[in-house]
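# Summary of structural features
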Amino acid sequence: MQYDLIVVGGGPVGASLVRAARGLAVALLAPERRSPAAPSGVLDNRVYALSPGNVDFLRRIGAWQTLPEDRVTPVHAMRIFGDDARSCIEFDAYRAGVPELAWTVEDTLLQDALWTALDAEVFAPARCERLSIDEASAAIQLDDGRSIVGKLVVGADGAHSFVREHAGIAAVEKDYGQTAVVANFSCEKAHFNTAYQWFQGGPVLALLPLPGRKTSMIWSLPHGAAERICGLEPEALCREVEAASRHTLGSLSLATPPRSYALRRLAARRMVAPRVALAGDAAHVIHPLAGQGLNLGLQDARALAQTLLERELVRNPGDLRLLRRYERGRAEPILAMDAMVDGLFRLFGSGSDAVSRLRNAGLNLTDRLPVLKNILMRHAMN
C-alpha cells in the first residue's frame, strides 16, 4: 500500500498532524506504541503552556475534549520580573478582554489524548534505517526489513531527526551553555492561575500554575549550577526555589523529583525538500524562556495539515511546489519567535550594569504601554 502521508515521530506534533490530516491515508512511525491509560494522581514533570490558538486546534481535532478537566489549568495572568524586584511586566487576560492567556497541561496526558482514536496505520515500535526518494514516492526502510512507501514523509521526530538527516537538510546548532531543570511543587500560597518568570542575569526561572496549589518549575541554569540543583535533597531544593522566586508562592514542598536536559538552539536551513517536510523540533528548537517550543510545533502541524487538505486536485501531497507554500507560511512566524527568544536570552544574559539598567527600564516602560502589551500578548496567543 502507498500512503498519502508518512509521519515519523509519535510526539504531540506528529500525533496532532495525523489527527488533523483527515481524509488522507496516513502511516505513523513511532519508536514506541502508546497505550492511553486512565490518568493517575502522579504529576508529569514535563508541563506545557499552550496558546489559546493551539488549544482551539486541539479542540477541532477532537483531542482537547478527552483531557481530564481537573488536570488542565487556565493561565489568567503572567508576571515577568527583571534583575530586581522593581522591574516587572504584567499581562492580564481580563484587561485584554480574553478568557485566558494560555493553558497548562502535562505531556503524558496530552500525548494520551492525541493517541486516542488515531486515524492511521501505526508502526510501533519502528526504527528507521534508510530513506529513499524518487520522482513518484518516498520510502522508509525499517530495521526489521519492512518498507513503508508514501507520497510525502514528514519528519516530526525531534531535534536529532532521522528524516532531516537522511533528506540532506542541513541545520545550524548552537549550545546555549545551559541546562533546564524541571520539577513540580506544592505551594503554601495560592497561585491564582498566574504564571511567573524571573530573569536572573543569565539563568531564567519560571513557575507555571497547575491544578490546586501546585506549580511546575523550569529553571534554565549554567550546566554546573543545574547539576548542583539536581543533586540537592528535597528540602534544600525547595529552599533554593523559594529564595529564587522571592517567596512569591510561600513555602514549597517537592511533588516530583527534578529532571534535567541540556538546552540547544537549532534551525533547519529548509523545512521542505522533494517529498519531505519537517515540523516541530526537527525544524526548530528554541530556548524555553518564552514557553513557545511546542506552540511553534503545533502551529507547524496546523499549517501543514491545512496546506495538504486545501491542495488542488492535480497536486499530490509530496509536490514540492505545494510544500513550499507551507514553508513560506511558516518562515516569518518561526524567524520572529526565534529572533525574539534569542534576543531576550542575550539581553538578559549580559553581565553589564548598563545593559542591566536598560533591560529593567525596558520592562517597566513596556508595562506602561497597553497597546504594545496587547500586541505582544496577541502574538503569543496564536
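Above this note sits the structure.
Attention now goes to the overall build of the chain. Within the chain, the regular secondary structure consists of 11 helices and 21 strands. Across the 382 residues in the chain, those meeting the buried criterion constitute 52%. Considering only intrachain contacts with a sequence separation of at least 6, the fraction spanning at least 24 residues in the chain is 74%. Carbon and sulfur atoms form 53% of the exposed surface of the chain, whose accessible area is close to 17000 Å².

Glancing now at the environment of Arg33. Mapped onto the elements, Arg33 comes out in the loop between strand 3 (26–29) and strand 4 (47–50). Non-local contacts of Arg33, meaning those with residues more than four positions away in its chain, are made with Trp115, Val122 and Ala124. In terms of polar contacts, Arg33 uses its side chain to reach the backbone carbonyl oxygen of Val122, at 3.2 Å.

Taken across its 7 residues, strand 16 (residues 204–210) has 7 buried, putting it largely inside the fold. Burial of the side chains of strand 16 extends over both faces: Val204, Ala206, Leu208 and Leu210 are buried on one face and Leu205, Leu207 and Pro209 on the other. Here strand 15 (residues 194–199) runs beside strand 16; their pairing, made up of 4 bridges, is antiparallel. Looking across to strand 16, one finds that Gln197 is bridged to Ala206. What sits between strand 15 and strand 16 in their antiparallel hairpin is a turn of 4 residues, with Gly201 showing a positive phi close to 70°. One ladder, built from 7 bridges, connects strand 16 with strand 17 (residues 214–222); its direction is antiparallel. Note on strand 17: the bridge partner recorded for Ala206 is Ile218. Two successive antiparallel strands, strand 16 and strand 17, enclose a turn made up of 3 residues, where Gly212 displays a positive phi of approximately 70°.

Inspection of the entire model under this criterion finds 4 aromatic pairs. A centroid spacing of 5.6 Å and a plane angle of 10° characterise the contact between Phe81 and Trp198, whose relative ring orientation is stacked. Taken together, the residues span a long stretch of sequence, with Phe81 in strand 6 (residues 77–81) and Trp198 in strand 15 at a distance of 117 residues. A relative accessible area of 1% means that Trp198 is categorised as buried.

Those residues of helix 2 (residues 52–60) lying buried are Pro52, Gly53, Asn54, Val55, Phe57 and Leu58. In the segment just after helix 2, Gly62 is the residue with positive phi, at about 80°.

This part is about the pairing of strand 10 (residues 128–133). Across 5 bridges, the pairing between strand 10 and strand 11 (residues 138–142) is antiparallel. Residue pairing for strand 11: Arg130 is matched across the bridge by Gln141. Counted along the chain from strand 10 to the antiparallel partner strand 11, the turn is 4 residues long.

Reading across from one edge, 7-6-15-16-17-14-18-21 is the order of the 8 strands in this open sheet, with mixed pairing throughout. Since the sheet does not close on itself, it has two edges, and those belong to strand 7 (88–92) and strand 21 (284–285), each with one partner. Looking at chain direction, strand 6 and strand 15 are connected through 5 bridges and run parallel. By the bridge assignment, Ile80 is partnered in strand 15 with Gln197. Across the sheet, helix 6 (residues 223–230) lies against strand 14 (171–187), strand 17 and strand 18 (252–268), angled at about 140° from strand 17, the strand it touches most.

This next bit is on the side chain of Thr179. Here Thr179 shows up in strand 14. You can call Thr179 buried: its relative accessible area is 10%. If we skip the residues at most four places from it in the chain, Thr179 touches Trp219, Ser220, Leu221, His223, Ala226, Ser260, Tyr261, Ala262 and Leu263.

Bringing helix 8 (residues 293–309) into the picture now. In this model helix 8 runs 25 Å from its N-terminal to its C-terminal C-alpha over 17 residues, within 8% of the 24 Å that 1.5 Å per residue would give. Those residues of helix 8 that fall on the buried side of the exposure criterion are Leu294, Asn295, Leu296, Gly297, Leu298, Gln299, Asp300, Ala301, Leu304, Ala305, Thr307 and Leu308.

Where helix 1 (residues 12–20) contacts helix 8, the two axes come as close as 9 Å, and the packing angle between them is 25°. Viewed along their axes, helix 1 and helix 8 adopt a mutual orientation that is roughly parallel. Remark: the crossing between helix 1 and helix 8 carries right-handed chirality. Facing Pro12, Val13, Ser16, Leu17 and Ala20 of helix 1, the residues of helix 8 in contact are Leu294, Gly297, Leu298, Ala301, Leu304, Ala305 and Leu309. By residue class, the composition of the contact of helix 1 with helix 8 is 10 nonpolar, 2 polar and no charged.

Take unusual backbone geometry next. Here the amide bond leading from Ala124 into Pro125 is cis, since omega sits at 0°, within 30 degrees of zero. Its location among the elements puts Pro125 in the loop between strand 9 (121–123) and strand 10. One non-glycine residue with positive phi stands out, namely Phe192, at about 50°. On the secondary structure map, Phe192 appears in the loop between strand 14 and strand 15. Although it is not a glycine, His247 sits at a positive phi angle of roughly 60°. Note that His247 resides in the loop between helix 7 (234–244) and strand 18.

Applying the stated rule across the entire model yields 16 salt bridges. Of the charged contacts in the structure, one is a salt bridge between Arg239 and Glu235, with a shortest N-O distance of 2.4 Å. Note that Arg239 and Glu235 are positioned in helix 7 at a spacing of 4 residues, about one turn of the helix. The exposure class of Glu235 is exposed, given its relative accessible area of 54%. Notably, a salt bridge pairs Glu242 with Arg239, separated by 2.5 Å at the nearest N-O pair. With Glu242 and Arg239 both in helix 7 and 3 residues apart, the pair spans about one turn of that helix. Classification of Glu242 as buried rests on a relative accessible area of 7%. Classification of Arg239 by relative accessible area gives partly exposed; the value is 34%.

Scoring rules and cut-offs
- Residues numbered from 1 in each chain as written.
- Predicted model: local features only at pLDDT ≥ 70, side-chain atom pairs only at ≥ 80, totals over all residues.
- Heavy atoms only, no water.
- Helix = DSSP H or I, 4+ residues; strand = E, 2+ residues; numbered from the N terminus.
- Buried < 20%, exposed > 50% of the residue type's maximum accessible area, 1.4 Å probe, protein only.
- Contact = heavy atoms within 4.5 Å.
- Areas by Shrake-Rupley, 256 points an atom, 1.4 Å probe, with all protein chains shown as cover.
- Polar contact = N/O pair within 3.5 Å; in protein donor to acceptor, adjacent residues only side chain to side chain.
- Pairing = 2+ DSSP bridges.
- Phe/Tyr/Trp six-rings, centres within 6.5 Å; stacked < 30°, edge-to-face > 60°.
- Axes fitted to C-alpha atoms, helices over the stretch in contact; angles between N-to-C directions.
- Expected span 1.5 Å × (residues − 1).
- Parallel < 35°, antiparallel > 145°, perpendicular 65-115°, else oblique.
- Left-handed = near helix turned anticlockwise from the far one by under 90°.
- Nonpolar A, V, L, I, M, F, W, Y, C, P; charged D, E, K, R; others polar.
- Salt bridge = Lys/Arg side-chain N within 4 Å of Asp/Glu carboxyl O.

Bear in mind that shape data such as this cannot, by itself, settle questions of function.
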